Each structure stands twice: as structure tokens, then as C-alpha cells.
Amino acid sequence: MRNEVTKRPSTLFESLFGDDIANNVTYGTGIDIYKEDDKYIVDLEIPGFQKEDIDVQFNGDVLTIQASHTEKSEDETKDYFYKSRRTDRVHRQIRFADVDESKVDGTYENGVLKVILPKKNKEDIVNRITIK
């Protein structure tokens, strides 16, 4: 049902073909985060994406996962009056402590992104302070 308070169509065309209902719907992405021995593991369900659609970064202590995909239509034989395609977007940020940034790794298989974040060795965690 359309919420007229948040968005009112500005033209008859928008009121007939507007995609605001579909754009306001987001699908949940199942996520599991767990520890296994000396690493954290993140399993994120994002079906329908290609590896090229996914961007994973680890900066400081934050893991950022972004993915974006737009359906494409290759049928150029029709003279379209209006054409709409679905766009999926995922953006997740998760904070971790004591991760060895240089060893973070990931795979994407069967719609599941798996990111492995090895923990730093206990010796690596010591913060030495220089006295001035």
C-alpha cells in the first residue's frame, strides 16, 4: 500500500508506473559471524550477485561489504515506452578487534560470501608507548 505522506506522485506517468513500492522493499541478507580457533568467520547470504559485483574491504577494525547488481535487458527490438529493472544492493559494516589485516581472505560460492579474518598473535597486540 502506498504511503501518500512520504511520496506523492508528481505526474500521471509516475502514478501509473512509479517504482517507489519496489524500491522501498529490501530483502534480508542472512549473516552468521562466529569464531573458529584463531579466526573470525563471516558468512553472508547474497544470492544473485556475481563476484565482480562484490566489494570487501577491511580498514582499521571495520569490515565493509558492499554489493550492487542491476538486471539488464538485451532486447533492443522493442520500442519501449517505459522499462524498469530490479536493482539489488547490500551494505554491511562489522567491527572486529585484533584482526591481522594482511591475512583477511574471502570466497563467494553458491550465493554465500565467506570472509575469513585471522586474529593477530597475542605478541602482535602489545602497544608499545614511547616516552618523550
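1. Some remarks on the pattern of salt bridges
Here is step 1: If you walk through the whole model with that rule in mind, you get three salt bridges.
Here is step 2: The partner of Asp43 in a salt bridge is Lys114, with the nearest N and O atoms 3.1 Å apart. Taken together, the positions of Asp43 in strand E2 (residues 39-45) and Lys114 in strand E7 (residues 112-118) put the pair 71 residues apart, joining distant regions of the chain.
Here is step 3: On the accessibility criterion, Asp43 (14% relative accessible area) is buried.
Here is step 4: Ionic pairing is found between Lys103 and Asp100, a salt bridge with its closest N-O pair at 3.8 Å.

2. Here we look at the nonpolar core
Here is step 1: Core analysis: the biggest nonpolar cluster contains 18 residues, and Val42, Ile46, Leu63, Phe96, Leu113 and Leu117 have the highest contact counts within it.
Here is step 2: Those residues within four positions of Leu113 in sequence are excluded, and the remaining contacts are Val42, Asp43, Leu44, Ile46, Ile54, Val56, Ile65, Thr107 and Tyr108.

3. Examining the confidence of the model for the protein
Here is step 1: Residues at a pLDDT of 70 or more form 75% of the protein, whose mean pLDDT is 78.
Here is step 2: Note on residues 1-9: pLDDT under 50 across the span, and nine contacts to partners over four residues away in sequence or across chains.

The rules behind each value
Residues numbered from 1 in each chain as written. Predicted model: local features only at pLDDT ≥ 70, side-chain atom pairs only at ≥ 80, totals over all residues. Heavy atoms only, no water. Salt bridge = Lys/Arg side-chain N within 4 Å of Asp/Glu carboxyl O. Helix = DSSP H or I, 4+ residues; strand = E, 2+ residues; numbered from the N terminus. Buried < 20%, exposed > 50% of the residue type's maximum accessible area, 1.4 Å probe, protein only. Core = buried A, V, L, I, M, F, W, Y, C linked by side-chain atoms within 4.5 Å. Contact = heavy atoms within 4.5 Å. pLDDT = per-residue confidence, 0-100.

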